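# Summary of structural features
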Amino acid sequence: MATPQQSSARFRPATDFPKTIAQLPPVEAEQLYTEMRDCLIFTNRSRAQLVRRNEEHKQKTLQLRANVAQMQQLINQLELDKQQLAVKNQQVVAELSQQVQIMSGHFDQLTAAYDAIADIDNPVGFMAQPNRFFRFIQALKAIILFWRDEKEPLLGEPPSQALPDQANRTNPYGTDADRRENPQMYQDPASINRSLLDD
């Protein structure tokens, strides 16, 4: 029969033990009891280790799930930040494109106005054709105002206030009399046509 040392080294099935000890001598019954007790101790110890490791595994599983949830939250936040940055970049690109188009339009107007006076090389020529000169000044002024208005918000300065006379002269909805007298100072189609006719 197995010794207590052997019985404590492994699990033993119930079939290894007799169904009854009624016919066993007292010495063998005592030895069988010792083997059964050692086997029970080993089984209980193994069960306790299994429960402890099962609890450790459960805690690690919960921690892993928490880490995965936190990681998913970070991924979602990064995705949201990425989308917001993309939208912001698109807005910046759209605004820059719009500014470039506006500036390009101003330069086109300035180029056309300059071409109209490029062949004039003396004050008499300017006096003879003042409307062309005023169109050139107006185109130049539009670029300067555009540039100044674009720079002031960046510098944190309030937008410049035009003088009353300037406001009247640059207002596209000025009085009819002023538009007839000074069509070169307005950019609406009627004033432009009137200014061209004066040439």
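Rules used in this analysis
- Residues numbered from 1 in each chain as written.
- Predicted model: local features only at pLDDT ≥ 70, side-chain atom pairs only at ≥ 80, totals over all residues.
- Heavy atoms only, no water.
- Helix = DSSP H or I, 4+ residues; strand = E, 2+ residues; numbered from the N terminus.
- Buried < 20%, exposed > 50% of the residue type's maximum accessible area, 1.4 Å probe, protein only.
- Phe/Tyr/Trp six-rings, centres within 6.5 Å; stacked < 30°, edge-to-face > 60°.
- Patch = residues over 30% accessible without salt bridge, like charges linked within 9 Å, V, L, I, M, F, W, Y side chains within 5 Å.
- Areas by Shrake-Rupley, 256 points an atom, 1.4 Å probe, with all protein chains shown as cover.
- Salt bridge = Lys/Arg side-chain N within 4 Å of Asp/Glu carboxyl O.
- Expected span 1.5 Å × (residues − 1).
- Contact = heavy atoms within 4.5 Å.
- Core = buried A, V, L, I, M, F, W, Y, C linked by side-chain atoms within 4.5 Å.
- pLDDT = per-residue confidence, 0-100.

## As for the overall build of the chain
A tally of helices and strands in the chain yields seven helices and zero strands. Scored against the burial criterion, the 199 residues of the chain give a buried share of 18%.

## Description of the packing of aromatic side chains
Geometrically, a pair of aromatic rings is defined through the distance of the ring centres and the angle of the planes. Scanning the entire structure with this criterion turns up one aromatic pair. Judged by centre distance (6.0 Å) and plane angle (50 degrees), the rings of Tyr114 and Phe136 are tilted. Taken as a pair, Tyr114 in helix 2 (residues 26-117) and Phe136 in helix 4 (residues 130-155) lie far apart in primary sequence, 22 residues in all. Classification of Tyr114 by relative accessible area gives partly exposed; the value is 45%.

## Concerning a nonpolar patch on the surface
Judged by side-chain polarity, Met71, Leu74 and Ile75 come together as a nonpolar surface patch covering roughly 280 Å² of accessible area. Secondary-structure assignment places Leu74 in helix 2. The class of Leu74 is partly exposed, set by a relative accessible area of 46%.

## Some remarks on helix 2
Under the 1.5 Å per step criterion, the end-to-end length of helix 2 is 134 Å for 92 residues, consistent within 8% with the ideal 136 Å. Among the residues making up helix 2, those that are buried are Ala29, Leu32, Glu35, Asp38, Cys39, Phe42, Ser46, Met103, His106, Leu110, Ala113 and Ile117.

## What about the side chain of His106?
Relative to the helices and strands, His106 resides in helix 2. Residues in contact with His106, not counting those within four places in the same chain, are Ala142, Ile143 and Phe146.

## A word on the nonpolar core
Counting residues in hydrophobic clusters, the biggest one holds nine residues: Met103, Leu110, Ala113, Ile117, Ile120, Phe136, Ala139, Ile143 and Phe146. Going through the elements one at a time, helix 2 and helix 4 are the ones with two or more residues in this core. Among all residues touching Ala113, those that are not within four sequence positions of it are Arg135, Phe136 and Ala139.

## Description of the confidence of the model for the chain
When pLDDT is averaged along the chain, the result is 77; 71% of the residues meet or exceed 70. At the level of individual helices and strands, the chain shows its lowest average pLDDT in helix 5 (residues 164-170), which scores 44, and its highest in helix 2, which scores 90. A low-confidence stretch, residues 1-9 (pLDDT under 50), is modelled with 15 contacts involving residues beyond four sequence positions or located in other chains. Here residues 159-172 is modelled with pLDDT under 50, and outside its nearest four sequence neighbours on either side it reaches 16 contacts, counting other chains as well.

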